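Here are the chains, one letter per residue:
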Amino acid sequence: MIACLGRIVQDTDADSIPDDDVSTLSESLDLQGTIESGGITDVAGKDFGGLYSVKPLALIKPSGTEDIARVVNAASRTSHLTVAARGNGHSINGQAMADGGFVIDMRSTEENHFKPLTIDGSHYIDVSGGALWEDVLKRCVSMFRLAPRSWTDYLSLTVGGTLSNAGVSGQAFRFGPQTSNVTELEVVTGKGEITVCSETQNSELFFGALGGLGQLGIITRARVKLQPAPDMVRWIRVVYTEFEEFTRDAEFLVTQEEGESFDYVEGFVFSNSDDPINGWPSVPLDPDHEFNPAYIPQTAGSVLYCLEVALHYRNSDRPSTVDTAVSRLLERLGFIQRLKFELNVSYVEFLLRVKQVEEHAKANGNWDRPHPWLNIFISKSSIVDFDRTVFRKMLKDGVGGPMLIYPLLRSKWDSRTSVVLPEGEIFYIVALLRFVPKGPTVEKLVAQNHEIIKWCNKEGLDFKLYLPHYQSKEDWKRHFGNQWTRFVERKTSFDPMAILAPGQNFFKRTHIIKP
Ligand code: FAD
């Protein structure tokens, strides 16, 4: 088999392995699933970001965990083959790619696990690493009236893909990111070993793989905490002119006890203009809602701020009870009273809200154009400076898509995972979700992202990139800071030849990891 792999890899153009060689490769790997070579670049060599493209050697559609272990083992017997798990390919910077290596299509394993469990009275679901969160949601709610507690805004992402990063949305202030809401993983390590891990069993692998950017292992199964699913959601947006008032209220809401606040808290910055994408029209929740700019105070600046909150309720709750609970919370906030937008939607509809955006963007062609997105965690101590220069000056006309900003609490994140955060209990996620219109502007937008990061560094802001992307090991070292040594030790233990997730640009494929 090694001879076969070696010959194929050395003698052929990675994108055009002859059919005979593919079937030889398939036989030698002894796969239950399938392997493809020709014409796979469009699927396995691209991602949502649309900024990078590579030629993988082959796309593997494994039937299960054993197939994945076989592929990693086969790669480990060569001197240079790499393996990338591909969730739904929604990375921005080629993180799920393997140039000249094997790409594993995790989606083909999505049906392998779906099992509810009750342990000490708490509910969990065992799901496949390749399952989409939207399917986990629909199945859990329709079958058990239960649902995971922590989400991402958009759910056509895989369980393994978000757990390898963090998984953040408006519930994270209460329950932490998705990485704080799993209790057990099954992982194929870079040594090709299938390992079950948890807080008490193989804990270095468990915590290392969570937020581990795919560097330590391929997550094939996760045990996700569940809670009773509400029926409905009161979804509300309110507008602020002053950043200090917006952040004060957002921070107030995320630091209250459960029952004393909303169930979801997010926010975004928008341009103080009638621009249909970046301005006032982006705020109302329903086509029947009208954003009347006459209510904006004369003192308002170039951008405005929208706090987005939601309260769960049951069909059996009286409308007046929900109204009272909402009013009690809103009356403590200092938004522009006449710029408030409300909608009642089902819980599932609320969680699938970005699906509509996707359908719209697909219809007008924007979904398939490049997305030079930038996600940053910024400490509370630096967020006012960031607003003053980046939002109010550099991005005052918007980015062609949402500019999210909302606070999170460090104490809800487990410091034993591989996720890296700025200092301080309160920090903000800032997400610049650029949708690029037609035209040669992508390079300019990528350059603007670099300019923002450069400015943050120059001004000494306390920040860390989320969904990070760096070109050099030195940058990664800086990103991990005092967690670098622990990360390298974990890498050395679980993927000593740096076979996994080469698209993250961390470690060179080798036989030994050098710190
Ligand atoms: P991929 O992009 O396929 O993979 C990401 C990385 O994880 C790669 O390095 C890959 O090799 C590795 N990987 C994939 N599967 C596994 C696995 N099973 N085991 C180990 N490693 C694996 N993120 C948020 O936190 N909150 C949001 O609200 C949010 N919204 C988003 C909205 C959109 C429209 C998009 C495109 C992205 C959004 N993201 C959000 C980012 C998202 O979390 C990342 O893109 C993430 O990588 C998940 O995408 P994926 O499943 O397609 O993984």
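As the structure is a computational prediction, the values presented were derived from the model and not from experiment.

Participant: Help me out: how do you make sense of the environment of L59 in this one?
Facilitator: Take L59: it is sitting in strand β2 (residues 58-61). Note on L59: relative accessible area 3%, which makes it buried. Along the primary structure L59 and E36 are separated by 23 residues, whereas in three dimensions their C-alpha atoms are 5.2 Å apart. With residues up to four places along the chain from it excluded, the contact list for L59 reads T34, I35, E36, I40, V43, A44, V103 and D105.

Participant: Please clarify how the nonpolar core should be interpreted in this entry.
Facilitator: Within soluble globular proteins, side chains that are nonpolar generally end up buried alongside one another. Among the nonpolar cores identified, the biggest contains 65 residues, and L185, V239, F270, F291 and Y347 are the most heavily contacted of them. The element best represented in this core is helix α5 (residues 133-144), accounting for five residues. Excluding residues that lie within four positions of it along the chain, V239 makes contacts with F270, V283, F291, L304, Y305, F335, I336, L339 and F341.

Participant: I'm lost on empty space enclosed by the protein in this one. Help?
Facilitator: Empty space among the atoms becomes apparent when a probe as large as a water molecule is rolled across them. If you walk through the whole model with that rule in mind, you get one cavity of 30 Å³ or more. Quantified by volume, the largest cavity comes out at close to 90 Å³. As for the largest cavity, its lining consists of 13 residues, and the residues nearest its centre are N165, V419, V420, P468 and H479. Mapped onto the lining of the largest cavity, the elements with two or more residues apiece are β18 (463-466) and α15 (473-480). Looking at side-chain class alone, the lining of the largest cavity contains nine nonpolar, four polar and no charged residues. Counting contributing residues, the lining of the largest cavity receives three or more from each of domain 2 (114-228) and domain 3 (232-465).

Participant: What is the right way to read the UniProt feature "domain: FAD-binding PCMH-type" (unreviewed entry) in the protein chain from this model?
Facilitator: Mapped onto this numbering, the UniProt entry annotates "domain: FAD-binding PCMH-type" (unreviewed entry) at residues 52-229. A helix fraction of 22% and a strand fraction of 30% characterise residues 52-229, whose end C-alpha atoms lie 39 Å from each other.

Participant: Is there a simple way to explain unusual backbone geometry in this structure?
Facilitator: Glycine aside, a negative phi is what most residues show, and trans is what most peptide bonds show. Unlike most non-glycine residues, R145 shows phi in positive territory, near 55°. By secondary structure assignment, the location of R145 is in the loop between α5 and β7 (146-148). With relative accessibility at 42%, the residue R145 sits in the partly exposed group. With a phi close to 55°, L213 is a non-glycine residue in the positive phi region.

Participant: Looking at this structure, I do not really get the site of the ligand. What am I missing?
Facilitator: Close to the ligand lie 33 residues; A85, G87, S91, T158 and Y466 are nearest. N88 is positioned such that a nitrogen or oxygen atom in its backbone is 2.8 Å from an oxygen atom of the ligand. S91 has a polar side-chain atom sitting 2.6 Å from an oxygen atom of the ligand. Starting from 940 Å² of accessible surface for the ligand in isolation, the protein chains cover 95%. Of all the secondary-structure elements, those providing two or more residues to the shell around the ligand are β3 (83-86), α6 (159-163) and β10 (217-228). The residue inventory of the shell around the ligand, partitioned by class, reads 14 nonpolar, 17 polar and two charged. Mapping the shell around the ligand onto the domain boundaries places at least three of its residues in each of domain 1 (22-106 + 493-504) and domain 2 (114-228).

Participant: I would appreciate a short explanation of the domain arrangement of the protein chain in the present structure.
Facilitator: Think of interface size as the accessible area that goes away when the parts come together; that is how it is often given. When its domains are assigned, the protein chain resolves into domain 1 (22-106 + 493-504), domain 2 (114-228) and domain 3 (232-465). For domain 1 and domain 2, the distance between their C-alpha centroids amounts to 22 Å. The interface is formed by 21 residues belonging to domain 1 together with 23 residues belonging to domain 2. Carbon and sulfur atoms supply 67% of the area that domain 1 and domain 2 bury against each other, a total of about 1800 Å² over both sides. The interface formed by domain 1 and domain 2 contains zero salt bridges. Counting across the domain 1 and domain 2 interface gives nine residue pairs in polar contact (both at pLDDT 80 or more). Going through the elements one at a time, α4 (65-76), β3 and α16 (484-494) are the ones with two or more residues in the side of domain 1 that touches domain 2. It is α4 that provides the largest number of residues to the side of domain 1 that touches domain 2, a total of six residues.

The rules we used
Residues numbered from 1 in each chain as written. Predicted model: local features only at pLDDT ≥ 70, side-chain atom pairs only at ≥ 80, totals over all residues. Heavy atoms only, no water. Helix = DSSP H or I, 4+ residues; strand = E, 2+ residues; numbered from the N terminus. Buried < 20%, exposed > 50% of the residue type's maximum accessible area, 1.4 Å probe, protein only. Contact = heavy atoms within 4.5 Å. Core = buried A, V, L, I, M, F, W, Y, C linked by side-chain atoms within 4.5 Å. 1 Å grid on protein atoms, 1.4 Å probe; cavity = no way out; pocket = protein on both sides within 12 Å on 5 of 7 lines; lining within 4 Å. Points joined across faces, edges and corners; volume = space filled by probe spheres on them. Nonpolar A, V, L, I, M, F, W, Y, C, P; charged D, E, K, R; others polar. Domains from an automatic or database assignment. UniProt positions renumbered as here; feature names shortened; annotations may be inferred. Near = heavy atom within 4 Å. Polar contact = N/O pair within 3.5 Å; in protein donor to acceptor, adjacent residues only side chain to side chain. Areas by Shrake-Rupley, 256 points an atom, 1.4 Å probe, with all protein chains shown as cover. Buried area = accessible area lost by both parts, 1.4 Å probe. Salt bridge = Lys/Arg side-chain N within 4 Å of Asp/Glu carboxyl O.

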